[in-house]
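What follows is each chain in one-letter form.
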Amino acid sequence: MPTTLTPPGTRGRTPAPAPARPPRAPAATWVIPLILGAVTVFGLWWIDVRPAAIAAGFEDITRLLGRMFPATTGPVPELAALVVETLQIAIAGTGIAALVSIPLAAGAANTFTGPRWVQWLCRTLIVVSRAVPSLVFAIIFVRIFGLGPAAGALAIAFHSVGMIGKMMTDVFEEISAAPREAVNATGANRFQVFVATTFTQALPQMTSFVLYRLDINIRASSILGLVGAGGIGVALQRSIGSLDYPRAAGIIAVIIVLLLVLELISNLVQRAVSEHAGDTKHSMTFPPGKELSSPGWNAPRVGRSAGLLAGVVLFILSLSALSISPDRLARGWENAVAMLTGFVPPVFTAEIALGLFESLVMALTATTFGVLIGLVIAVFSTDHLVKVPVLGWALRGVIVVVRGVPDIVYAIVFVAALGLGPFAGFLALAISCTALASKFFTDALQNIDPGPIRALEAVGAGRLQAFVAGAWPQFVPSFIGNSLFTADLALRESAVLGIVGAGGIGFLLHESVTSIDYQSTAGILIGLIVVVVTVEQMARWARRKVI
Amino acid sequence: MTLEKPAAETAQHSPSITLDGVVKRFGDNTVLHGVDLEIHPGEFIALVGPSGAGKSTLLRLLNGSHSPTEGRVQVLGREPVRCSRRELRRLRTEIGFVFQQFGLVGRLTALENVLMGALGTLSMPRYGIMTYPKQLRERAVENLERVGLVDQRFQRCDTLSGGQQQRVAIARMLMQDARLVLADEPVASLDPAASISVLETLKKLSAEDGFTVVCSLHQVDLALEVSDRIVAVRDGQFILDKPTNATGEPEIRAIYQAHRGA
Ligand SMILES: Nc1ncnc2c1ncn2[C@@H]1O[C@H](COP(=O)(O)OP(=O)(O)O)[C@@H](O)[C@H]1O
Ligand SMILES: [Mg+2]
């Protein structure tokens, strides 16, 4: 089953066959766990995680869940409209991001021949866009464009440009240069050469990234309403604000069902797309048409055209639903200028540093828990060690459902049950890290070469011995790589949990924007970008050392 | 060394290409050591020589991809180094280029790849066969017919054989109505049968349309078979320049042998 959140580059990776005796492990394989372990010990003290607190928290949560039932959704038409708005935000935002990413990636790729500063600018924009979570962009755009889905769609677009742009850059750099040179030699201009060759060659991969990102963005847009940026999150925010827990529970249930249905649809679409990619390979792309020079129609061509048309229509409909008028744009422009000028000079206080630090500690501590529990779940979901298929299916089902709930929703529940503070955020992150890590590890364990295990079993090794000696060495690189990726994602999440009071920098960020203290906003954003980019670079470095 | 005058020079046209003491260096590496050459309209020149001799560099000088370190390169009455970006693009629309690696977009049909040859006459980018004007589409089909691939016009290029792909690339080149065609090892990745058939197609088209061809080859027998005139390059110098019918095979073989012996 294709994942929604598989880290790029580890997707479908099949490890090289394990050598008879694994080579000495690189330093990163023990340094990274050591660092994580140290941070975790510190984090447990900082966040004040005690078994007693967890036990007490468990009671509080049970009591809260009791107050949530019987769940109710409130007026259905209103909720349905918000569901539609959620999809519109995601589609419009993803579409804008895709369109913006094309020139940005063309400029960022090492094949770009224009001025150096343009390339630098494109690369910087991509990095910054990736580092700032969509919920943070949403806070900013709500300030600029006012409450509503326009802010949400722009937030989605601004954050998605980073990932789509990065992936497109990689594709542009990898595709063959021969067509580009050949068409360039015919005297076509740069723009024509780009469209005819680079763009055309990259199109299938670009389409799959955009669909993959759309899937992520629907998740993201379902919670943007928490800061007033439209979508179903608006209803969630309202019911929590008025302490209407049964309604909040109903809305959370709707979000979960929505995301699960979409996961299913996205799997079906991806399968259809990849099957179609195969069937034009060995036949004519088009049948003969009316004239020699015009192609005729066949089922695949009809399918492709209909898919394209549907995409364009959906995008335009979604855009127009955002009700962006010239008037509103003008006012937004004024607000944006006011904010940008308000950013100077940025202010960086000890409080901000503390908030960033807390986000980092929450994320890394939760990652450790998530990775350890996730590993256990993954081992039980695959049949290398335990051969109980039912158990595997059940665990995978639970993980899918748990992953269906956005992190911040867990945070809301924990804050309501346990009160404000990093403990609620830590628990929320630990749950989502567990779900994420177990998904990654399950996929990785399923992909390992069973040969060495079989061989060891054949010579009479016990199942645990065979697993440790035969499977573990193959699994270590993807274990470390995926753990780092989990930490990377957790950090971005933990930066926004403060918006609902679950600790970290998000609280200060939200407050600085709503109280128009833009100098602090700028300081927080710069600090956040620096921390996220640094952690990402370290993770990338470590991953290269290990894999 | 004195070079014999090529027979075709009696033709009363201004030369397609004139090289005048051309030196090309990449850093300290001198790739062409002051070469002179005159090529006349309609000639089919085979540029032979071992790998690393400087053949590709020479062809790139001719379409303005490289500029000479010293000396003068004149192509179709213009000097690529003196051309502005726009003028260079114009010049390139008049020079067809055929590559060893074909340079086709594999996931597109043969027809669409051929149509790309006409982009230089259009101002905007195109995507999809039907975005090109009808008259260009008809010419593209004709050109595919001329290289014997009209039935494959809607086939993905990456499903064609190597020889077929190079024919598609030639049909794309034909869209330019070029007066000069440069081909850099066009058959180096093809099997012998496809090689000879591709070169003969190129020869036939050049005879019909009257375009000049400068084609680098490393197989001597093919050069003898299709060219009017052979220019042999070794270590950045022309060591032979003769009409093909006045050149014996042993004479050229000797070039390679002398090189290997050295
Ligand atoms: N862009 C370049 N930069 C530096 N050196 C080059 C470049 N292109 C070619 N050369 C050098 O020029 C020499 C001749 O290369 P080339 O013209 O490709 O030979 P041929 O096509 O005859 O095999 C080689 O030594 C090669 O390394
Ligand atoms: Mg060469």
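Scoring rules and cut-offs
Residues numbered from 1 in each chain as written. Chains lettered and ligands numbered in written order. Predicted model: local features only at pLDDT ≥ 70, side-chain atom pairs only at ≥ 80, totals over all residues. Heavy atoms only, no water. UniProt positions renumbered as here; feature names shortened; annotations may be inferred. Helix = DSSP H or I, 4+ residues; strand = E, 2+ residues; numbered from the N terminus. Pairing = 2+ DSSP bridges. Axes fitted to C-alpha atoms, helices over the stretch in contact; angles between N-to-C directions. Contact = heavy atoms within 4.5 Å. Near = heavy atom within 4 Å. Polar contact = N/O pair within 3.5 Å; in protein donor to acceptor, adjacent residues only side chain to side chain. Areas by Shrake-Rupley, 256 points an atom, 1.4 Å probe, with all protein chains shown as cover. Nonpolar A, V, L, I, M, F, W, Y, C, P; charged D, E, K, R; others polar. pLDDT = per-residue confidence, 0-100. Expected span 1.5 Å × (residues − 1). Bend = angle between axes of the 7 residues up to and from the residue. 1 Å grid on protein atoms, 1.4 Å probe; cavity = no way out; pocket = protein on both sides within 12 Å on 5 of 7 lines; lining within 4 Å. Points joined across faces, edges and corners; volume = space filled by probe spheres on them. Phe/Tyr/Trp six-rings, centres within 6.5 Å; stacked < 30°, edge-to-face > 60°. Buried < 20%, exposed > 50% of the residue type's maximum accessible area, 1.4 Å probe, protein only. Lys NZ or Arg CZ within 6 Å of the ring centre and 35° of its normal. Salt bridge = Lys/Arg side-chain N within 4 Å of Asp/Glu carboxyl O. Buried area = accessible area lost by both parts, 1.4 Å probe. Patch = residues over 30% accessible without salt bridge, like charges linked within 9 Å, V, L, I, M, F, W, Y side chains within 5 Å. Domains from an automatic or database assignment. Core = buried A, V, L, I, M, F, W, Y, C linked by side-chain atoms within 4.5 Å.

Attention now moves to the UniProt feature "domain: ABC transmembrane type-1" (unreviewed entry) in chain A. All names here are of chain A. Per the UniProt record, the feature "domain: ABC transmembrane type-1" (unreviewed entry) sits at residues 83-266 and 356-537. The span residues 83-266 carries 82% helix and 0% strand; its end-to-end C-alpha distance comes to 17 Å. Between the end C-alpha atoms of residues 356-537 the distance is 17 Å, and the span holds 82% helix and 0% strand.

Before going further, it helps to spend a moment on the sheet that holds strand β4 (residues 70-75) of chain B. Residue and element names in this part refer to chain B. Across the sheet, three strands lie side by side as β2-β1-β4; this open sheet has antiparallel pairing. Every other strand in the sheet has two partners, leaving β2 (29-39) and β4 as the edge strands with one partner each. Each strand axis lies, on average, 25° off the axis of its neighbour in the sheet, ignoring direction. Relative to β2, strand β1 (residues 17-26) is paired through eight bridges, and the arrangement is antiparallel. Paired with Arg 25 across the strands is Thr 30, a residue of β2. Strand contacts of helix α1 (residues 55-62): β1, β2 and β4, with the helix running at about 120° to β1, the strand carrying the most contacts.

So, on to the site of ligand 1. All names here are of chain B. Residues in contact with ligand 1, as listed here, are Phe 26, Asn 29, Val 31, Pro 50, Ser 51, Gly 52, Ala 53, Gly 54, Lys 55, Ser 56 and Thr 57. Residue Lys 55 places a main-chain N or O atom 2.9 Å away from an oxygen atom belonging to ligand 1. About the coverage of ligand 1: the protein hides 58% of its 560 Å² of free accessible area. For the shell around ligand 1, the secondary-structure elements that each account for two or more residues are β2 and α1. Broken down by element, the residue count for the shell around ligand 1 peaks at three residues, all from α1. Of the residues contributing to the shell around ligand 1, the split by class is four nonpolar, six polar and one charged.

All names here are of chain B. Taken over all residues, the pLDDT of chain B has a mean of 89, while the share at 70 or more is 92%. Within the model, the stretch residues 1-12 combines pLDDT values under 50 with twelve contacts to residues more than four positions away or in other chains. Here the predicted complex scores 0.86 on pTM and 0.91 on ipTM.

Okay, the side chain of Thr 434 of chain A next. By the element assignment, Thr 434 of chain A lies in helix α16 (residues 422-447). Apart from residues no more than four positions distant in its own chain, Thr 434 of chain A is found in contact with Phe 369, Gly 370, Ile 373, Gly 374 and Ile 377 of chain A.

With that settled, the discussion passes to helix α3 (residues 76-108) of chain A. A rise of 1.5 Å per residue sets the reference length of α3 of chain A, with its 33 residues, at 48 Å; its end C-alpha atoms lie 46 Å apart and thus fit the reference within 8%. Along α3 of chain A, the sharpest kink reaches roughly 30°, centred on Ser 101 of chain A and followed within four residues by the proline Pro 103 of chain A.

This brings us to the layout of surface pockets. What the second largest pocket holds in volume is close to 1200 Å³. Lining the second largest pocket are 41 residues, and of these Thr 113, Arg 180, Glu 181, Asn 184 and Val 193 of chain A sit closest to its centre. For the lining of the second largest pocket, the secondary-structure elements that each account for two or more residues are α3, α7 (178-184) and α8 (190-221) of chain A together with α1 and α2 (85-93) of chain B. In terms of residues, the lining of the second largest pocket owes the most to one element, α8 of chain A, which gives five residues.

Turning to the packing of aromatic side chains, a few remarks are in order. All names here are of chain A. Counted according to the given criterion, the structure contains 21 aromatic pairs over all chains. Plain terms: the ring middles of Phe 42 and Trp 46 are 5.8 Å apart, the flat faces sit at 35° to each other, and that makes the pair tilted. Of the two residues, Phe 42 and Trp 46 both sit in helix α1 (residues 28-47), four residues apart, roughly one turn of that helix. Here Trp 46 falls in the partly exposed class, since its relative accessible area comes to 27%. Relative to Phe 426, the ring of Phe 369 has its centre 5.3 Å away and its plane inclined at 85°; by these criteria the two rings are edge-to-face. On the criterion of sequence distance, the pair formed by Phe 369 in helix α13 (residues 350-381) and Phe 426 in helix α16 is long-range, its members being 57 residues apart. For Phe 369, a relative accessible area of 28% gives the class partly exposed. Through a chain of ring-to-ring contacts, three or more aromatic side chains come together here, namely Phe 42, Trp 45, Trp 46 and Phe 357. When the ring centre of Trp 297 is taken as reference, the NZ or CZ atom of Arg 301 above it lies at 3.9 Å.

Attention now moves to the sheet that holds strand β5 (residues 95-98) of chain B. Residue and element names in this part refer to chain B. Taken in spatial order, the six strands line up as β5-β6-β7-β3-β8-β9 in an open sheet, and their pairing is mixed. The sheet terminates laterally at β5 and β9 (237-243), the two strands that pair on one side only. Here the strands of the sheet are splayed against their neighbours by 15° on average, with no regard to which way each runs. Contacting β3 (44-48) and β7 (212-217), helix α6 (residues 192-209) crosses the sheet at an angle of about 165° to β7.

What follows deals with the pattern of salt bridges. Evaluated as defined, the whole model comprises 25 salt bridges over all chains. Glu 78 of chain A is the partner of Arg 238 of chain A in a salt bridge, and the nearest nitrogen-oxygen pair spans 3.2 Å. Taken as a pair, Arg 238 of chain A in helix α9 (residues 233-241) and Glu 78 of chain A in helix α3 lie far apart in primary sequence, 160 residues in all. Since its relative accessible area comes to 32%, Glu 78 of chain A is described here as partly exposed. Of the charged contacts in the structure, one is a salt bridge between Arg 82 of chain B and Glu 79 of chain B, with a shortest N-O distance of 3.3 Å. Residue class for Arg 82 of chain B comes out exposed when judged on its relative accessible area of 66%.

Our focus in this paragraph is the interface of chain B and chain A. Residue-level contacts link 44 residues of chain B with 35 residues of chain A. Summed over both partners, the interface of chain B with chain A comes to about 3200 Å²; 63% of that surface belongs to carbon and sulfur atoms. By the criterion of area lost to chain A, the three top residues of chain B are Pro 125, Phe 154 and Arg 156 of chain B, representing 18% of everything that side buries. For the pair chain B and chain A, the interface holds two salt bridges. Glu 181 of chain A is paired through a salt bridge with Arg 60 of chain B; the nearest N and O atoms lie 3.9 Å apart.

A word on a nonpolar patch on the surface. Nonpolar side chains collect at one region of the surface, where Leu 211, Val 257, Val 261, Ile 265 and Val 269 of chain A lie side by side and expose about 360 Å² of accessible area between them. Tracing the sequence through the fold places Val 261 of chain A in helix α10 (residues 245-279).

Here we take up the domain arrangement of chain A. All names here are of chain A. Taken domain by domain, chain A comprises domain 1 (28-68 + 344-546) and domain 2 (76-276 + 304-342). The centre of domain 1, based on its C-alpha atoms, is set 25 Å off from the matching centre of domain 2. On the domain 2 side, the residues contacting the 33 residues of domain 1 number 32 residues. Where domain 1 abuts domain 2, roughly 2900 Å² becomes buried across the two surfaces, and 75% of that area is made up of carbon and sulfur atoms. Across the pair Glu 536 and Arg 130 runs a salt bridge whose closest N-O atoms are separated by 2.5 Å.

Residues and elements named next belong to chain A. The biggest cluster of nonpolar side chains holds 99 residues, and the ones touching the most others in it are Leu 135, Val 136, Phe 141 and Leu 236. Both domains that meet at this core, namely domain 1 (28-68 + 344-546) and domain 2 (76-276 + 304-342), each give it at least three residues. For Val 136, the residues in contact, after removing those within four places along its chain, are Val 496, Leu 509, Leu 525 and Leu 528.

Glycine aside, the phi torsion of most residues is negative, and most peptide linkages are trans. Residue Pro 345 of chain A is reached from Val 344 of chain A by a cis peptide bond, and omega for that bond is -10°. Here Pro 345 of chain A shows up in the loop between α12 (326-342) and α13. Phi is positive for Ser 323 of chain A, which is not a glycine, with a value near 45°. As for its placement among the helices and strands, Ser 323 of chain A is situated in the loop between α11 (299-321) and α12. Despite not being glycine, Asp 235 of chain B shows a phi value in the positive range, around 50°. When its relative accessible area of 46% is taken as the criterion, Asp 235 of chain B is described as partly exposed.

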